[in-house]
Amino acid sequence: MENEEEKKEELIINEVEIEEENNDAGVEISEDVVAVIAGVAVSDVQGVAGMARGFAGGITEALSGKKNLAKGIKVEVAGKETKIDVNIIVEYGSRIPDVAFEIQSRIKKSVKEMTGLNVVAVNVHVQGVQTPQEKISKVEEKPESQPEE
């Protein structure tokens, strides 16, 4: 009798494993989707002045007029795993290791929760430091709206 109960339990366990494996069969998550999730996660980290972007990303953003949440983020998805590279500009005075750790933690948590992908690496590349003077310069450079005549 005990052997029969053990076999039933074993069968139930195997059925659950099979169901979990087939649950997301055929679902592929785009690297762009993972990049946007990572970008949103980074956007709230204190000490990040902005995302560093490549030349192409800047042109795309300027032409579309839309803020690109995936700017400065490179994603590689292979099966159920993903590797993410993040290029940031930190605010002057921020402790860079703390900022990088917070970025890694938030990205891993967000991507895992939203996609189910296993994040094997989050590489944070600090491309620059924004000084308080640079912040003031950017505000002054913004053109004021011209009144219509």
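Scroll up for the structure.
Each value, and the rule that gives it
Residues numbered from 1 in each chain as written. Predicted model: local features only at pLDDT ≥ 70, side-chain atom pairs only at ≥ 80, totals over all residues. Heavy atoms only, no water. Axes fitted to C-alpha atoms, helices over the stretch in contact; angles between N-to-C directions. Helix = DSSP H or I, 4+ residues; strand = E, 2+ residues; numbered from the N terminus. Parallel < 35°, antiparallel > 145°, perpendicular 65-115°, else oblique. Left-handed = near helix turned anticlockwise from the far one by under 90°. Contact = heavy atoms within 4.5 Å. Nonpolar A, V, L, I, M, F, W, Y, C, P; charged D, E, K, R; others polar. Pairing = 2+ DSSP bridges. Right-handed = clockwise from strand over helix to strand, strands pointing away.

Asks: How should the packing of helix α2 (residues 31-43) against helix α4 (residues 96-115) be read in this particular structure?
Replies: Helix packing for two helices is described by the angle between their axes and how far apart those axes are. As a packed pair, α2 and α4 sit with axes 9 Å apart at the nearest point and diverge in direction by 135°. Relative to α4, the element α2 lies oblique. Crossing handedness for the pair α2 and α4: right-handed. Within the contact between the two elements, α2 uses V34, I37, A38, A41 and V42 and α4 uses I103, R106, I107, S110, V111, M114 and T115. Counted by class, the contact of α2 with α4 contains nine nonpolar, two polar and one charged residues.

Asks: Just checking my understanding: could you explain the pairing of strand β3 (residues 81-91) for this structure?
Replies: Remark: a regular strand shows side chains that alternate across the two faces of the sheet. Here strand β1 (residues 48-51) runs beside β3; their pairing, made up of three bridges, is antiparallel. Among the inter-strand pairings, M51 is bridged to a residue of β3, identified as I88. Bridging between strand β2 (residues 73-78) and β3 involves six bridges; their strand directions are antiparallel. Of the residues in β3, the one forming a bridge with V77 is T82. Following β2, the chain reverses through two residues before pairing antiparallel with β3; G79 in that reversal takes a positive phi of roughly 65°. Looking at chain direction, β3 and strand β4 (residues 118-130) are connected through eleven bridges and run parallel. Following the sheet pairing, V90 is matched in β4 by V129. In this fold, β3 hands off to α4, which returns the chain to β4; that crossover is right-handed.

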